Amino acid sequence: MIHIDITKNLHGSEGNMQLFVNTVVKQEAFIVLMGESGSGKTTFLRVLAGLEEAKGSIKVGGVIWLSNDKMLSPQLREIGFVFQDYALFDNMTVEENLLFVNEDKTLAKELLAMTELTALAKRNVQALSGGQKQRVSLCRAMMKKPKLLLMDEPLSALDSAMRSKLQREIKQLHERFGTTTIMVSHDIREAYTLADRVWKMEQGKIVLDGTIDEVLSSYNSGHKVEVLKLQNQKATVCVAGEFLEVEVSESVKVGEYIEVVLNLQTCH
Amino acid sequence: MDLTPFILSFKLAALTTLILFVIALPFAWWLSQTKAKSKPIFEALTALPIVLPPSVLGFYLLVVLSPNSALGSFFEELFGVKLVFSFVGLVVASCFYSLPFMVQPLQSGFESLNNHMIEASYLAGKSKLQTVLNVALPNIKPSLITALIITFAHTVGEFGVVLMVGGSIPDETKVASVAIYEMVEIMDYTQAHIYSAIMVAMSFFVLVAVYVFNHKQKTKIGLL
């Protein structure tokens, strides 16, 4: 179990706010953290990783990472972190990036095989594509066999085909290592594919906490969205920062407000 | 031709570069990472030798390092080392004079690094020292090479501070730049030409080497 009870004052683009998270996370849970930009998602991950200070407590499997008189350094927290911009060590090859974390060559080979990177093991990371770099970043994060895997919008810079492929690999790695995972994402489809619990953050606080269906049903409570584009009775609308295409009746016009019911089908 | 002044110049430059690298590395790293309000003061102090006339720096170093000062007498009594008009004194003075040429390229190199890369190293369990040596330094090669070579070349070309703190003692403090000055004074222009031509050629090739290396590095990482 991971017990989180933290507060931190933030100076966001919309003025000052307080990050306040008090929750318990089950071992091996996969949580997708959603929310608008500037709502405090990245800061929350950084506090969990020990990269930023906060008040309160974090306890992971009986080990205190943060308390009023103690802050465990990032080096000592069993964390894997995947950054949006990969943050690979450019002076090293793919394999060296992994072995820098942990010299276990067998584990490195297994991870590279799982993510189809074996052929690129000796290649310098600067020569890789975005998707390949993010897979190396994911493998590197898993080299510590972390108790907690944190991912800050890892797939946002990739095309949809690569996203789907990496979603499968993330799920595979999560299950293989029994890691507890918290992933920041704006993509409702990603949450559907990966999450068994979704948090929605607003102004530094988790305002919704539940399964993806529960969270989406909150969007469905009578909110109307504008029809942005119409083609062959399909309307493009923007829901929770995500553009979706939904079937509509013939009478609907561009600029009109319609009610959209979000479910697995509309999000796919 | 007496090569001793050149040998002294190179010995002085090599020692200064080595000592400054060890001192400036943690200092430049600290400057690049700190959010302390005192940072501009340290940056200004580091840059002072660039703007100060060498005679001003030389004068103060002479005052601070002379046997009458606390520091000078401490070194003389404890280690039997004179800090003025000696080679050791020249090394100490050169370390002050060339400090910005080592610190500034390293600091700007560290500041240009992706901070997430550094954090990824910490999250991989690596200490600050391991991170600097294994991640930060190898990723700022152009800045590192610039710092080392410019510090070396600048120390070889040093004149004012060297003359004031070291004087012109043959085989001890009479480096190439001081030797040229003396040759001109006694109107031995032939020797002065030879010595000066060697200095010009050497400085030019060092700078070409730095620019070629940096150009290659930029091409390699796709900036050009």
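Residues numbered from 1 in each chain as written. Chains lettered and ligands numbered in written order. Predicted model: local features only at pLDDT ≥ 70, side-chain atom pairs only at ≥ 80, totals over all residues.

Would you take a moment to explain the overall build of chain A for this structure?
For chain A, the count of helices and strands is 8 helices and 16 strands. Radius of gyration (C-alpha) of chain A: 20 Å, near the 18 Å computed for a compact globule of 268 residues. The buried share among the 268 residues of chain A stands at 38%. Taking all contacts inside chain A whose residues are at least 6 apart in sequence as the whole, residues at least 24 apart take part in 64%. (Helix = DSSP H or I, 4+ residues; strand = E, 2+ residues; numbered from the N terminus. Rg over C-alpha atoms; globule rule 2.2 N^0.38 Å. Buried ≥ 20, exposed ≤ 12 C-beta atoms within 10 Å, placed from the backbone. Contact = placed C-beta atoms within 7 Å.)

Got a minute to help me understand the overall build of chain B in this structure?
When helices and strands are counted, chain B shows 12 helices and 0 strands. Each helix and strand of chain B, ordered N terminal to C terminal, gives the series α-α-α-α-α-α-α-α-α-α-α-α.

Any chance you could explain helix H6 (residues 99–112) of chain B here in plain terms?
All names here are of chain B. Between its first and last C-alpha atoms H6 spans 20 Å; for 14 residues at 1.5 Å apiece the expected length is 20 Å, and the two agree. The element H6 is extensively covered by neighbouring structure, given that 11 of its 14 residues are classed as buried. Where H6 is concerned, the buried positions are Leu99, Pro100, Phe101, Met102, Val103, Gln104, Pro105, Leu106, Gln107, Gly109 and Phe110. Buried positions along H6 lie against helix H1 (4–33), helix H2 (39–51), helix H5 (87–97), helix H8 (128–136) and helix H9 (141–156). (Expected span 1.5 Å × (residues − 1).)

Looking at this structure, how should I read the environment of Arg140 of chain A?
All names here are of chain A. Relative to the helices and strands, Arg140 resides in helix H4 (residues 130–142). In the structure, Arg140 is positioned 93 residues away from Gln233 in sequence and 46 Å away in space, judged by C-alpha atoms. Beyond its immediate stretch of four places on either side in the chain, Arg140 contacts Asn97, Leu98 and Val101.

Would you mind showing me how to read the nonpolar core here?
General note: in soluble globular proteins, nonpolar side chains tend to be found buried as a group. By size, the foremost hydrophobic cluster in this structure holds 110 residues, and its most contacted members are Val32, Leu33, Phe81, Cys139 and Leu150 of chain A. The element that contributes the greatest number of residues to this core is H1 of chain B, accounting for 8 residues. Every residue in contact with Phe81 of chain A, bar those within four places of it in the chain, is listed here: Ala49, Ala141 and Leu150 of chain A together with Ala120 and Leu123 of chain B. (Core = buried A, V, L, I, M, F, W, Y, C linked by C-beta atoms within 7 Å.)

Honestly, the environment of Val210 of chain B in this entry has me stumped. Any pointers?
Considering the arrangement of structural elements, one finds Val210 of chain B in helix H12 (residues 189–220). Those residues in contact with Val210 of chain B that sit more than four places away from it in its chain are Ile145, Thr146 and Ile149 of chain B.

Explain the interface of chain A and chain B here, please?
Many structure descriptions define interface size as the accessible area lost when the parts assemble. On the side of chain B, 15 residues touch chain A, which itself brings 15 residues to the contact. Counting residues per element, the ones that place at least two in the side of chain A that touches chain B are strand E7 (79–82) and helix H2 (94–101) of chain A. Of the residues belonging to the side of chain A that touches chain B, the class tally is 10 nonpolar, 3 polar and 2 charged. (Nonpolar A, V, L, I, M, F, W, Y, C, P; charged D, E, K, R; others polar.)

Would you explain unusual backbone geometry in this entry?
Glycine aside, residues mostly have negative phi, and peptide bonds are mostly found in the trans state. All names here are of chain A. In this structure, Glu28 takes a positive phi of about 70° despite not being glycine. Locating Glu28 in the fold gives a position in the loop between strand E2 (15–25) and strand E3 (30–35). Judged by C-beta crowding, with 13 C-beta atoms within 10 Å, Glu28 ranks as partly exposed.

How should the confidence of the model for chain B be read in this particular structure?
Atom-level detail of predicted coordinates should not be read off regions where pLDDT is low. Summarising the model, chain B shows a mean pLDDT of 91, and 98% of its residues fall at 70 or more. What the predictor reports for the complex is a pTM of 0.81 with an ipTM of 0.81. (pLDDT = per-residue confidence, 0-100.)

Explain the packing of H1 of chain B against H6 of chain B to me, please; I cannot follow it from the model alone.
Helix-helix packing is described using two parameters, namely the angle between the two axes and the distance between the axes. Residues and elements named next belong to chain B. Put simply, H1 and H6 touch, their axes get as near as 8 Å, and they point 40° apart. With respect to H6, the axis of H1 lies oblique. Here H1 runs over H6; the crossing is right-handed. Across the interface between the two elements, Leu20, Phe21, Ala24, Leu25, Phe27, Ala28, Trp29, Leu31 and Ser32 from H1 touch Leu99, Met102, Val103, Leu106, Gln107, Phe110 and Glu111 from H6. (Axes fitted to C-alpha atoms, helices over the stretch in contact; angles between N-to-C directions. Parallel < 35°, antiparallel > 145°, perpendicular 65-115°, else oblique. Left-handed = near helix turned anticlockwise from the far one by under 90°.)

Sorry, what's going on with the packing of H1 of chain B against H5 of chain B here?
All names here are of chain B. Orientation of H1 relative to H5, taken along the N-to-C sense of each, is 55°, at an axis distance of 9 Å. When the axes of H1 and H5 are compared, the pair comes out oblique. Considering the relative orientation of H1 and H5, their crossing is right-handed. Here H1 contributes Leu12, Leu15, Thr16, Ile19 and Leu20 to the contact with H5, which in turn contributes Leu90, Val91, Ser94 and Cys95.

Is there a simple way to think about the environment of Pro146 of chain A in this case?
Residue and element names in this part refer to chain A. Here Pro146 shows up in the loop between H4 and strand E8 (148–152). Spatially, the C-alpha atoms of Pro146 and Phe81 are 9.1 Å apart, while their sequence positions differ by 65 residues. With sequence-adjacent residues up to four places away left out, Pro146 is seen in contact with Glu78, Ile79, Gly80, Ala141 and Thr179.

Any chance you could explain H4 of chain A here in plain terms?
Helical geometry: 3.6 residues make up each α-helical turn, so side chains three or four residues apart lie on a common side. Residue and element names in this part refer to chain A. For H4, built from 13 residues, the straight-helix expectation of 18 Å at 1.5 Å per residue is met to within 8% by its first-to-last C-alpha distance of 19 Å. Along H4, 10 of the 13 residues are buried, which leaves the element largely enclosed by surrounding structure. Every buried residue of H4 is accounted for by Lys133, Gln134, Arg135, Val136, Ser137, Leu138, Cys139, Arg140, Ala141 and Met142. For H4, the secondary structure elements touched by its buried residues are E7, H2, helix H3 (105–114), E8 and helix H5 (160–177).

Can you help me understand the pairing of strand E5 (residues 63–67) of chain A in this one?
The side chains of a regular strand alternate, first on one face of the sheet and then on the other. Residue and element names in this part refer to chain A. By the bridge criterion, 3 bridges tie strand E4 (residues 55–60) to E5 in an arrangement that is antiparallel. Bridging across to E5, Lys59 finds its partner in Ile64. Hairpin connection from E4 to E5: 2 residues lie between these consecutive antiparallel strands, with Gly61 at a positive phi of about 50°. In this structure, E5 lies alongside strand E6 (residues 70–71), joined through 2 bridges in antiparallel fashion. Directly across from Ser67, in E6, lies its bridge partner Lys70. The hairpin formed by E5 and E6 contains 2 residues between the paired strands. (Pairing = 2+ DSSP bridges.)

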